[in-house]
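Here are the chains, one letter per residue:
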Amino acid sequence: MAKSLEDPKNLLDPRDLIENCGNKRELAHRVLRAYLRVSPALVSRILTGAEASDADEVRIGAHTLRGSSATIGAKALADLCKRIESAPLATSREELMLFNEHFDLTVGEIQRYLEEPA
């Protein structure tokens, strides 16, 4: 992976989201809160699908999470999802652990961003 997981700047860049929301920060915040509600189920779908060797479950979960992540500005996570989507059963256990860790860090960065004063 080209970008470091430790650098928060690599986890979330919501500028495109804010622009797509007509520069309405509150609307962007609603989108991010919706992402936080929906995305854990997609991660679970990817991980349980991989554990069951169900390529369709992995591919669908990764595809959906990739689009959502790209929309909110979590481009590195979207890139990981794209890799998983393109080879759902070839993804190693270590790659899935890295993906899960990256997701958790991204969620933390989203939560920090939502707590920032306007």
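Before any of the text, the structure's been laid out above.
First things first, this report covers the structure right here in the doc.

Calculation rules
- Residues numbered from 1 in each chain as written.
- Predicted model: local features only at pLDDT ≥ 70, side-chain atom pairs only at ≥ 80, totals over all residues.
- Heavy atoms only, no water.
- 1 Å grid on protein atoms, 1.4 Å probe; cavity = no way out; pocket = protein on both sides within 12 Å on 5 of 7 lines; lining within 4 Å.
- Points joined across faces, edges and corners; volume = space filled by probe spheres on them.
- Helix = DSSP H or I, 4+ residues; strand = E, 2+ residues; numbered from the N terminus.
- Polar contact = N/O pair within 3.5 Å; in protein donor to acceptor, adjacent residues only side chain to side chain.
- Axes fitted to C-alpha atoms, helices over the stretch in contact; angles between N-to-C directions.
- Parallel < 35°, antiparallel > 145°, perpendicular 65-115°, else oblique.
- Left-handed = near helix turned anticlockwise from the far one by under 90°.
- Contact = heavy atoms within 4.5 Å.
- Nonpolar A, V, L, I, M, F, W, Y, C, P; charged D, E, K, R; others polar.

### Looking at the layout of surface pockets
The gaps of empty space that remain are located by a probe, the size of a water molecule, rolled over the atoms.
Okay, so step 1: Its volume calculated, the largest pocket comes out at about 250 Å³.
Okay, so step 2: Along the walls of the largest pocket sit Leu47, Thr48, Ala50, Glu51, Pro88, Leu89, Thr91, Ser92, Arg93, Leu96, Met97 and Asn100, which together make up its complete lining.
Okay, so step 3: If you list the elements that add at least two residues to the lining of the largest pocket, you get helix H2 (25-51) and helix H5 (93-115).

### A look at the environment of Asp56
Okay, so step 1: Checked against the element boundaries, Asp56 lands in helix H3 (residues 55-72).
Okay, so step 2: It is 20 Å that separates the C-alpha atoms of Asp56 and Glu94, two residues lying 38 residues apart in sequence.
Okay, so step 3: For Asp56, the side chain forms a polar contact with the side chain of Arg59, separated by 3.3 Å.

### Remarks on the side chain of Thr91
Okay, so step 1: Summarising the element assignment, Thr91 is placed in the loop between helix H4 (75-86) and H5.
Okay, so step 2: A polar contact is formed between the side chain of Thr91 and the backbone oxygen of Ala87, at a distance of 3.0 Å.

### Let's talk about the packing of H2 against H5
Okay, so step 1: At a minimum axis separation of 11 Å, H2 and H5 run at an interaxial angle of 165 degrees. Here H2 is positioned roughly antiparallel relative to H5, judged by the angle of their axes. In this structure, the crossing between H2 and H5 has a hand that is left-handed. Counted together, Arg25, His29, Leu32, Arg33, Tyr35, Leu36, Ser39, Pro40, Val43, Ile46, Leu47 and Ala50 of H2 and Leu96, Phe99, Asn100, Phe103, Val107, Ile110, Gln111, Tyr113 and Leu114 of H5 form the full contact between these two elements.
Okay, so step 2: Split into classes, the residues belonging to the contact of H2 with H5 amount to 15 nonpolar, four polar and two charged.

### Some thoughts on the side chain of Ser69
Okay, so step 1: Residue placement: Ser69 occurs in helix H3.
Okay, so step 2: A polar contact of 2.8 Å, which involves the side chain of Ser69, links it to the side chain of Tyr35.
Okay, so step 3: Apart from the residues lying within four places of it in its own chain, the contact partners of Ser69 are Tyr35, Ala74, Lys75, Leu77 and Ala78.

### Some details on the packing of H4 against H5
Okay, so step 1: Remark: H4 packs on H5, axes separated minimally by 10 Å, with the N-to-C direction vectors making an angle of 155 degrees. As far as their axial angle goes, H5 and H4 are roughly antiparallel. As H4 runs across H5, the sense of the crossing is left-handed. Every residue of H5 that contacts H4 at Ala76, Leu77, Leu80, Cys81, Arg83 and Ile84 is listed here: Glu95, Leu96, Phe99, His102, Phe103 and Thr106.
Okay, so step 2: Of the residues contributing to the contact of H4 with H5, the split by class is eight nonpolar, two polar and two charged.

### With respect to unusual backbone geometry
Okay, so step 1: Non-glycine residue Asn23 carries a positive phi angle of around 60 degrees.
Okay, so step 2: Along the polypeptide, Asn23 turns up in the loop between helix H1 (15-20) and H2.
Okay, so step 3: Positive phi, normally seen in glycine, also occurs at Ser53, with a value near 55 degrees.
Okay, so step 4: By secondary structure assignment, the location of Ser53 is in the loop between H2 and H3.

Read these as layout, nothing more, since geometry by itself doesn't imply function.
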